[in-house]
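Examining the three-dimensional arrangement
If you want the building blocks of each chain, they are given just below.
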Amino acid sequence: LDCDWEFPENDEEAARLVELVATYRQRLPQTLLTMAVNAGEWYAKWFDHAKLLPLFDFLNVMTYDFHGPWGDHAGHNAPLLATSGDPDGQRMNCAASMAWWNTAKGFPKEKLLLGLPCYGRSFPVSEWHTKPEGEWKRPYVGYTTALQLEKEGWTRVRDESARVPYLRKDGERELISFEDEISAGEKGSWARTNGYRGIFFWEITQDLIGGDHKIVVAARKGFLP
């Protein structure tokens with residue numbers, strides 16, 4: 001049973017969430033109980049972590065959407081590590097978010113799963129970490145769409161600091177941050193070596209090619225070599 005409350009925004013809602021989950025646990029004592037949670041402190045501050053900890057079997061930490069149309073500058077969708085040059089890079093990355101849930105909020109690593117996106121984010125910019133301006137042609141880019149763009153002449157570039165790829169094309173004022181099989185495999189390996197419970201994905205229709213879920217398979221191989 002996955003409890004999806006996105007997200008408590010005050011003390012009253014935080015208390016009601018605890019009441020709801022406690023009811024689940026009481027009435028379904030043998031059921032695997034999970035919840036998707038945000039990657040950072042913005043909404044997570046309203047979770048009553050101490051009361052929720054004994055109730056959940058594990059949490060799915062949504063370590064993606066670190067940047068998008070809501071932000072004031074362009075950045076990677078799901079960087080594994082801190083991105084060089086990003087003013088928010090030290091805290092808006094997968095490693096920092098997982099560590100925050102573990103150390104700041106006290107959830108043991110065996111109760112935390114790393115989230116991987118099967119999609120990316122596009123920004124109307126020529127350089128990373130600058131302010132988007134103009135038309136947002138494709139703010140949401142599935143993995144299969146990214147591969148098609150590559151066939152149409154876009155170039156895949158790897159940001160070695162963030163450990164994720166992006167697409168760019170000469171003459172186009174657009175950069176596309178996305179997940180590929182290399183970065184997915186590396187994230188799976190990172191989650192394993194750092195002692196986290198597992199990995200999960202959003203969402204698996206976006207990496208289906210020839211009957212295989214490319215991002216899922218690559219990450220699984222990294223986590224279970």
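Residues numbered from 1 in each chain as written. Predicted model: local features only at pLDDT ≥ 70, side-chain atom pairs only at ≥ 80, totals over all residues. Heavy atoms only, no water.

1. Quick notes on the state of the cysteines
- Going through the model one piece at a time under the given rule, you end up with zero disulfides.
- Residue Cys 118 stays outside any disulfide, its sulfur separated by 13 Å from that of Cys 94, the closest cysteine. (Disulfide = S-S within 2.5 Å.)

2. Here's the deal with the layout of surface pockets
- The volume enclosed by the largest pocket comes to roughly 810 Å³.
- Taken together, 25 residues form the lining of the largest pocket, with Gly 40, Trp 42, Asp 65, Phe 66 and Met 92 sitting closest to its centre.
- Each residue belonging to the lining of the largest pocket can be placed in one class, and the counts come to twelve nonpolar, seven polar and six charged. (1 Å grid on protein atoms, 1.4 Å probe; cavity = no way out; pocket = protein on both sides within 12 Å on 5 of 7 lines; lining within 4 Å. Points joined across faces, edges and corners; volume = space filled by probe spheres on them. Nonpolar A, V, L, I, M, F, W, Y, C, P; charged D, E, K, R; others polar.)

3. Description of the packing of helix α6 (residues 181-193) against helix α7 (residues 214-223)
- One can describe the packing of α6 onto α7 by two numbers: an axis separation of 7 Å at closest approach and a directional angle of 35°. Pair α6 / α7 crosses with right-handed handedness. Of α7, the residues touching α6 (which contributes Glu 181, Ala 184, Gly 185, Gly 188, Ser 189, Ala 191 and Arg 192) are Lys 214, Ile 215, Ala 218, Ala 219, Gly 222 and Phe 223. (Axes fitted to C-alpha atoms, helices over the stretch in contact; angles between N-to-C directions. Helix = DSSP H or I, 4+ residues; strand = E, 2+ residues; numbered from the N terminus. Left-handed = near helix turned anticlockwise from the far one by under 90°. Contact = heavy atoms within 4.5 Å.)

4. Things to note about the sheet that holds strand β1 (residues 2-3)
- The five strands lie next to each other as β1-β2-β3-β4-β10, forming an open sheet whose pairing is parallel. Each end of this open sheet is capped by a strand with a single partner; those strands are β1 and β10 (198-202).
- Bridge count between β1 and strand β2 (residues 34-38): two bridges; the pairing is parallel. In the strand pairing of β2, Cys 3 is matched with Met 35. (Pairing = 2+ DSSP bridges.)

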